[in-house]
Amino acid sequence: MITLVTGGTKCGKSGYAEKLIDRLSCPKYYIATINPVGDYAQEVIAKRMKMHTQKKYVTIECPRDIAYADIPIGSAVIVEEIGRLCANEMFVDGRILRTVDKIVSGLELIGAKASELVIVANDISRDGISYSPELMEYIKEMGEISRRITAFADNVIECVYSVPVALKGSALLD
Amino acid sequence: MIMVTGGAYQGKLDFVCRHFGLESSDIANGSTCDFEEAFSAKCIKSYHRFIARLIAHGVDCVQFTERLCAENKDAIIILDEIGCGIIPVEKAERKRREITGKCGCIIAKNSDDVIRVTCGLPVYIKGGNQ
């Protein structure tokens, strides 16, 4: 089963993703896409490590190239988070690269190996602000990635202040 | 408790007044009301702005919101969905969005009904006529 969990900031996406995986007894993997640079990243990583120790997830740091993440067949996997992965893949040495095919094929590969895959993505498209051309390209890229994931995902769940809303398939948890 | 959310200017307040038969005197304005008013108001609108004011006054918003949910159980809380955008560069603004998200989750958890209004159309995403 492949589930995309989307939504805004602090709306319970991670918690929902973990709940989906916590039910399972197979080995649990967490593919972390955050680039561990800066105060904010350190804050996020510290919080995540605490959760992982408690729940016995194997963490794979993967700021780029998720296709190479070593995921055993039949495991349960969370990929968090696509917005960061996209930024890491897209803005390299002052250049702007296309990322959609690379990210989507990487996720499909993981999805083929995992018994359960939960992909967490941040919805960044609805603040109505006109940013720089580079940032608008990023928003566009994220929109396309989300649509491509939706095409192969069984479930697409939007978290609204922690309330799961099924946009495709069904919300498996209340 | 009932939570009404959605984007800015989507008809949340109109829906609340119409559906729950409230008058303007029943509604505390989160942009201007006294903080204590929250504990007795029938309805608070713009709770996301209320949160911004709490932060500016150094109040613990999570604690305040938990107290609100415990003491004003029948309240209708209206707050905008504000988190669906690019993460702000400025730390204070980033924190405000995050705290608003956390408080929104607390209100949703304590609400029997959560209604999202888009283009004037109410959709029950928790409880109600879902």
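Scroll up for the structure.
Residues numbered from 1 in each chain as written. Chains lettered and ligands numbered in written order. Predicted model: local features only at pLDDT ≥ 70, side-chain atom pairs only at ≥ 80, totals over all residues.

(A) Fine view of the nonpolar core. Residues Val77 and Ile119 of chain A together with Ile44 of chain B are the most contacted members of the largest nonpolar core, which totals 79 residues. With six residues, helix 4 (residues 91-110) of chain B is the single largest residue contributor to this core. For Ile44 of chain B, the contacting residues outside a window of four places in its chain are Ala28, Gly30, Ala38, Phe50, Ala75, Ile77 and Ile78 of chain B. (Core = buried A, V, L, I, M, F, W, Y, C linked by C-beta atoms within 7 Å. Buried ≥ 20, exposed ≤ 12 C-beta atoms within 10 Å, placed from the backbone. Helix = DSSP H or I, 4+ residues; strand = E, 2+ residues; numbered from the N terminus. Contact = placed C-beta atoms within 7 Å.)

(B) Expanded view of the interface of chain B and chain A. Listed by partner, the interface residues are 19 residues for chain B and 18 residues for chain A. Of the residues forming the side of chain B that touches chain A, the biggest block, nine residues, is contributed by helix 4 of chain B.

(C) Geometry of the packing of helix 3 (residues 82-90) of chain A against helix 5 (residues 133-152) of chain A. Residue and element names in this part refer to chain A. Between helix 3 and helix 5, the shortest axis-to-axis distance is 10 Å and the interhelical angle comes to 125°. By the criterion of interaxial angle, the relationship of helix 3 to helix 5 is oblique. Both helix 3 and helix 5 take part in a crossing whose hand is right-handed. On the side of helix 3, the interface is formed by Ile82, Gly83, Cys86, Ala87 and Met90, while helix 5 contributes Tyr138, Glu141, Met142 and Ile145. Residue classes in the contact of helix 3 with helix 5 are distributed as seven nonpolar, one polar and one charged. (Axes fitted to C-alpha atoms, helices over the stretch in contact; angles between N-to-C directions. Parallel < 35°, antiparallel > 145°, perpendicular 65-115°, else oblique. Left-handed = near helix turned anticlockwise from the far one by under 90°. Nonpolar A, V, L, I, M, F, W, Y, C, P; charged D, E, K, R; others polar.)

(D) Looking closely at the sheet that holds strand 4 (residues 76-80) of chain B. All names here are of chain B. Taking strand neighbours across the sheet as the criterion, the six strands line up as 2-3-4-1-5-6 in an open arrangement whose pairing is mixed. The open sheet has two edge strands with one neighbour each: strand 2 (27-29) and strand 6 (121-126). Across the sheet, the mean angle separating the axes of adjacent strands is 25° when strand polarity is ignored. Of the pairings in the sheet, the one linking strand 3 (residues 43-45) to strand 4 comprises two bridges and is parallel in character. Following the sheet pairing, Cys43 is matched in strand 4 by Ile76. Each of strand 1 (2-6), strand 3, strand 4, strand 5 (113-118) and strand 6 is contacted by helix 1 (residues 12-20), which is oriented at about 160° to strand 4, the strand it contacts most. (Pairing = 2+ DSSP bridges.)

Just geometry here; none of it tells us what the structure is for.
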